[in-house]
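If you want the building blocks of each chain, they are given just below.
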Amino acid sequence: ELKEIVFIIQSQSNSFHSKRAEDLKRDILKQAADLGKELPTVLLIHQMDRHEGAWTILPLMRDFSVTYGKNSSWIFFCEEDTRIQVVKLLETLGRFDGSKEWFLGKALYDEESTIIHHYAFAENPTVFKFPDFAAGWALSIPLVNKLAKKLKSEPLKSDFTIDLKHEIALYIWQKGEGPHLTPVPEFCTDDVNSYKVDHCATTFSNFLPLCGEPVKKEDVFVAVKTCWKFHGDRIPVVKQTWEKEAALIEYYSDYADISIPTIDLGIPNTDRGHCGKTFAILERFLNHSSPRTPWLVIVDDDTLISIFRLRKLLSCYDPNEPVFLGERYGYGLGTGGYSYITGGGGMVFSRTAVQKLLASKCRCYSMDAPDDMVLGMCFSGLGIPITHSPLFHQARPMDYPKGYLAHQIPVSFHKHWNIDPVKVYFTWLAPNTEDSLNGKKVGYNREDL
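Here is a short report on the structure shown in this document. Here the structure is a predicted model, which is why all the values come from computation and not from measurement.

Some details on the sheet that holds strand β10 (residues 182–183)
Step number 1: Strands sit in the order β2-β1-β3-β8-β5-β10 across an open sheet of 6 strands; the sheet is mixed. Where the open sheet ends on each side, the last strands, each with one partner, are β2 (41–44) and β10.
Step number 2: Note that strand β5 (residues 103–105) and strand β8 (residues 137–140) share 3 bridges and pair antiparallel. When the bridges of β8 are listed, Leu 104 appears paired with Ala 138.
Step number 3: Running at roughly 175 degrees to β2, helix α1 (residues 15–34) makes contact with β1 (5–10), β2 and β3 (74–79) of the sheet.
Step number 4: In the packing of helix α2 (residues 61–68) onto the sheet, contacts are made with β1, β2, β3 and β8, and the angle to β3 comes to roughly 135 degrees.

Here it is as structure tokens:
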């Protein structure tokens, strides 16, 4: 029965995202009403957020077990852009015996062991499957009850949350003692309008959001963090690739080099962390750039980014809100930690967010503290939620499953290790690669990367 499914939308509190999640909730309830069925429960994760870590889902299992453990059969998780055919979903879940432990989803796997999964399953990374959240995924109530019981006796220990879908699958798998992910062909990430979706219970509706005209080039100020030792190898890559997409760009270094040109902020370079440099950039943005420039992007000198696509994405956000946007990681979330935007993929701030941050007294505890984590801590303390976009990437294209990247038009990648960064840029991020996701190969072949 439909009323035995609890739908959980992995929503966010930013106004753009919360509206999309509310629209999806309405759509699910309308489909249920049209069927004449008793309405299911539809919950938005950001509204359940009694603590910072609700988005990591596992801390909610005990609540789910207590509240729904008696009268429900399934908890079905989806993203705000997942589209659900309720009748087909009912049919699909009906194939599985809800009295047993099931973990259902569209399977992703690593082609090679990767740093973002701590090089797990290095012998053969393809053996371990984890769910593509965009297609939706489901847990049977007996499995939810088992996880809740385990969490009660063994609290979560993980320091960092880096790739939630992989980490949840690992936790459920229990070193081989728990269920593996069961792949479900009806959970799809094809575009909702694709001819392939007739059999699908779920589809995915968004490769790159656009909400009207892209923001103007002049509305995005780009700050590149560099240092003298990388002027010769990393900066030329920026110049050959994405620099021309940015109308306002400055390079911040520990050495003023007029050939680039770089600006010496008077902050000595540190081997790691760079917190002092980042806060100096934030101060400079507030005090020296035009007060009419609503957006700041801070990137590393080995970040590959599409400013062209970022301008489309930013059309969906209100710069009058305190927006802190990028790829979300978590630190110590089981024990009252905080979420943060990981720096390598690019950190995007509305001017309002920078104003609120600097008006607070929150600052680096040392010059070489990790800047992205300190920022996460500061915004958490201010009650300003960070905003996650899966289109920003802390690692290289080959560090992500092909199936996952297939339903994205990415905004950034990071690192030059063992790749030709210019080639990666022109294959994945250059403006003319926009339609390569529709099967047309533009420039280089992605399979070679």
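Thoughts on the environment of Ile 281
Step number 1: Mapped onto the secondary structure, Ile 281 falls in helix α7 (residues 275–288).
Step number 2: Under the relative-accessibility criterion, Ile 281 is labelled buried at 1%.
Step number 3: Taking the C-alpha atoms as reference, Ile 281 lies 8.9 Å from Lys 225; in sequence the two are 56 residues apart.

Points about the pattern of salt bridges
Step number 1: Scanning the model with the defined rule gives 22 salt bridges in all.
Step number 2: Put simply, Asp 163 and Lys 165 hold a salt bridge, and the shortest N to O gap is 2.7 Å. The residues Asp 163 and Lys 165 share a single accessibility class, namely buried.
Step number 3: The shortest N-O distance in the salt bridge between Lys 239 and Glu 243 comes to 2.8 Å.
Step number 4: Residues participating in the shared-partner salt-bridge network are Lys 19, Asp 23 and Arg 26.

Describing helix α10 (residues 371–381)
Step number 1: Of all the 11 residues making up α10, 8 are buried; the element is thus mostly covered by neighbouring parts of the structure.
Step number 2: If you check which residues of α10 are buried, you get Asp 371, Asp 372, Met 373, Val 374, Leu 375, Gly 376, Cys 378 and Phe 379.
Step number 3: Note on α10: the residue one or two positions beyond its end, Gly 383, has a positive phi of about 75 degrees.

Some thoughts on the pairing of strand β13 (residues 220–225)
Step number 1: Most of β13 is tucked away: 6 of the 6 residues are buried.
Step number 2: Along β13, one buried face is formed by Val 220, Val 222 and Val 224 and the opposite face, lined by Phe 221, Ala 223 and Lys 225, is buried too.
Step number 3: Pairing geometry for β13 and strand β16 (residues 295–300), over 6 bridges, is parallel. Note that in β16 the partner of Val 220 across the bridge is Trp 295.
Step number 4: Following the chain from β13 across helix α6 (residues 234–240) to the adjacent parallel strand β14 (residues 248–253), one finds a crossover that is right-handed.

A closer look at unusual backbone geometry
Step number 1: Pro 261 follows Ile 260 through a cis peptide bond whose omega is -10 degrees.
Step number 2: Among the secondary structure elements, Pro 261 is positioned in the loop between β14 and β15 (262–264).
Step number 3: Its identity is not glycine, yet His 118 carries a phi of approximately 50 degrees, on the positive side.
Step number 4: Tracing the chain through its elements places His 118 in the loop between β6 (107–108) and β7 (130–131).
Step number 5: Non-glycine residue Lys 175 carries a positive phi angle of around 55 degrees.
Step number 6: Structurally, Lys 175 can be placed in the loop between α5 (164–173) and β10.

Looking at the sheet that holds β14
Step number 1: Pairing within the open sheet is mixed, and its 7 strands lie in the order β15-β14-β13-β16-β21-β18-β22. In this open sheet, the two edge strands, each paired with only one partner strand, are β15 and β22 (387–388).
Step number 2: Relative to β14, β13 is paired through 5 bridges, and the arrangement is parallel. In the sheet register, Phe 221 faces β14, and the bridge partner there is Leu 248.
Step number 3: Across the face of the sheet, helix α8 (residues 307–314) comes into contact with β13, β16, β18 (324–326) and β21 (347–350) while running at roughly 130 degrees to β13.

Here's the deal with the packing of aromatic side chains
Step number 1: Counting across every chain of the model gives 24 aromatic pairs.
Step number 2: Arranged with centres 4.9 Å apart and planes meeting at 70 degrees, the rings of Phe 96 and Trp 102 form a pair that is edge-to-face.
Step number 3: With relative accessibility at 23%, the residue Trp 102 sits in the partly exposed group.
Step number 4: Between Tyr 400 and Tyr 404, the ring centres sit 6.4 Å apart and the planes meet at 25 degrees, which makes this aromatic pair stacked. Each of the two residues, Tyr 400 as well as Tyr 404, counts as buried.
Step number 5: One aromatic cluster is present, formed by Phe 64, Phe 77, Phe 103, Phe 133 and Trp 137 through successive ring pairs.
Step number 6: Directly above the ring of Tyr 109 sits Lys 129, whose terminal nitrogen or CZ lies 5.4 Å from the centroid.
Step number 7: It is Arg 328 that lies over the ring of Trp 55; its NZ or CZ is 4.0 Å from the centre.

How each quantity is defined
- Residues numbered from 1 in each chain as written.
- Predicted model: local features only at pLDDT ≥ 70, side-chain atom pairs only at ≥ 80, totals over all residues.
- Heavy atoms only, no water.
- Pairing = 2+ DSSP bridges.
- Helix = DSSP H or I, 4+ residues; strand = E, 2+ residues; numbered from the N terminus.
- Contact = heavy atoms within 4.5 Å.
- Axes fitted to C-alpha atoms, helices over the stretch in contact; angles between N-to-C directions.
- Buried < 20%, exposed > 50% of the residue type's maximum accessible area, 1.4 Å probe, protein only.
- Salt bridge = Lys/Arg side-chain N within 4 Å of Asp/Glu carboxyl O.
- Right-handed = clockwise from strand over helix to strand, strands pointing away.
- Phe/Tyr/Trp six-rings, centres within 6.5 Å; stacked < 30°, edge-to-face > 60°.
- Lys NZ or Arg CZ within 6 Å of the ring centre and 35° of its normal.

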